[in-house]
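So you can see what is in the structure, the chains are spelled out below.
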Amino acid sequence: SCQRAGVADPTCSATVVLPPVAVVGIAKSASVATVAPGGKVTYTVTVANESSGDATSVAVSDPLAQGIDSTTWTCATGHGSALCPAASGAGALQQTIATLPAGSSLVYTIQATVGANAPSEIVNTASLTLSDGSLCGPTCSAQATVKRQNVVEGTVAPVPTLAQWALAALALLMAAVAAHRMGRH
């Protein structure tokens, strides 16, 4: 007790040791800034636990953004001893990482195909849901924006060309002009 005779003892101290709290972050990037309809873009989503405590039941979600027709994805260990729940998949990314050890990360690589009617900006957001008391750092979501490249459609006009006889006539005319000028000098 830190009291003597009912009065607080200033020389008394106590130490409380709290278990480490995991701080999990998410980052997202795109391989290109602009993409044409029907084109491909590669998104990279990194989930990292840079703290000293393990995180459990970390849900990672990356739904198909408006303007994306289809996706396939792969998962790999970025660093540390984290294990991917699944090595690959198709469609929206929805994974729960059983344990994301301290100092570990997973990297999801998402190959996306842009739809024919994509909006002018394709905003793709990935997010985390933490259920074990872990914290998001700095946020629980990350996004990457890609602009749709405008494609101008139309017909290709042929380049006009002269017939062989017209080229010969043009050559004779140029020779005549040259000869006329030389005759003046």
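Rules used throughout
Residues numbered from 1 in each chain as written. Predicted model: local features only at pLDDT ≥ 70, side-chain atom pairs only at ≥ 80, totals over all residues. Heavy atoms only, no water. Pairing = 2+ DSSP bridges. Helix = DSSP H or I, 4+ residues; strand = E, 2+ residues; numbered from the N terminus. Buried < 20%, exposed > 50% of the residue type's maximum accessible area, 1.4 Å probe, protein only. Polar contact = N/O pair within 3.5 Å; in protein donor to acceptor, adjacent residues only side chain to side chain. Contact = heavy atoms within 4.5 Å. Disulfide = S-S within 2.5 Å. 1 Å grid on protein atoms, 1.4 Å probe; cavity = no way out; pocket = protein on both sides within 12 Å on 5 of 7 lines; lining within 4 Å. Points joined across faces, edges and corners; volume = space filled by probe spheres on them.

Chemist: How should I be thinking about the sheet that holds strand 3 (residues 23-30) in this particular structure?
Modeler: Sheet strands associate in pairs through backbone hydrogen bonding, adopting either a parallel or an antiparallel arrangement. Here we have six strands laid out as an open sheet, ordered 8-7-10-5-3-12, and mixed in their pairing. One side of each edge strand has no neighbouring strand; the edge strands of this open sheet are strand 8 (88-90) and strand 12 (135-136). Alignment of strand 3 against strand 12, held across two bridges, turns out to be parallel. Opposite Val-23, over in strand 12, you have Leu-135 as the bridge partner.

Chemist: Is there a simple way to explain the side chain of Ser-61 in this structure?
Modeler: Mapped onto the elements, Ser-61 comes out in strand 6 (residues 55-62). The exposure class of Ser-61 is buried, given its relative accessible area of 18%. A polar atom in the side chain of Ser-61 sits 3.1 Å from the side chain of Gln-94. When residues no more than four places from it in sequence are discounted, the contact partners of Ser-61 are Leu-93, Gln-94, Thr-125, Ala-126 and Ser-127.

Chemist: Where do I start with the environment of Cys-84 in this structure?
Modeler: Mapped onto the elements of the fold, Cys-84 is located in the loop between strand 7 (68-79) and strand 8. For the pair Cys-84 and Thr-99, spaced 15 residues apart in sequence, the C-alpha separation works out to 9.6 Å.

Chemist: How should the sheet that holds strand 6 be read in this particular structure?
Modeler: Pairing within the open sheet is mixed, and its five strands lie in the order 4-13-11-6-9. Each end of this open sheet is capped by a strand with a single partner; those strands are strand 4 (34-35) and strand 9 (93-100). One ladder, built from four bridges, connects strand 6 with strand 11 (residues 121-130); its direction is antiparallel. Bridge pairing in strand 11 links Ser-61 to Ser-127.

Chemist: Can you walk me through the side chain of Ser-134 in this structure?
Modeler: Checked against the element boundaries, Ser-134 lands in the loop between strand 11 and strand 12. Within the structure, Ser-134 has its side chain in polar contact with the side chain of Asp-132 (distance 2.5 Å). The residues touching Ser-134, leaving out its near neighbours within four places in the chain, are Val-21, Ala-22, Asp-54 and Ala-55.

Chemist: Sorry if this is basic, but what is going on with the state of the cysteines here?
Modeler: The bond known as a disulfide is covalent and runs between the sulfur atoms of two cysteines. Scanning the model with the defined rule gives two disulfides in all. Across a sulfur-sulfur distance of 2.1 Å, Cys-75 and Cys-84 are joined as a disulfide pair. Here the S-S torsion is close to -80°, and the disulfide linking Cys-75 with Cys-84 is therefore left-handed. For Cys-84, a relative accessible area of 24% gives the class partly exposed. Sulfur-sulfur distance for the disulfide between Cys-136 and Cys-140 comes to 1.7 Å. Linking Cys-136 and Cys-140, the disulfide has an S-S dihedral of approximately 100° and is accordingly described as right-handed. With a relative accessible area of 34%, Cys-140 lands in the partly exposed category.

Chemist: I tried to follow empty space enclosed by the protein on my own but got confused; where do I start?
Modeler: Think of a ball as big as a water molecule: rolled over the atoms, this probe shows where empty space is left. Counting across every chain of the model gives one cavity of 30 Å³ or more. Taken together, 14 residues make up the lining of the largest cavity; nearest its centre are Asp-62, Leu-64, Thr-71, Ile-110 and Asn-124. When residues in the lining of the largest cavity are grouped by element, the largest group, three residues, is from strand 7.

Chemist: Explain the pairing of strand 13 (residues 141-148) here, please?
Modeler: On a regular strand, each side chain points to the face opposite its neighbour's, so the side chains alternate between the two faces of the sheet. In terms of strand pairing, strand 4 meets strand 13 through two bridges, oriented parallel. For Thr-34, the partnering residue across the bridge sits in strand 13 and is Lys-147.

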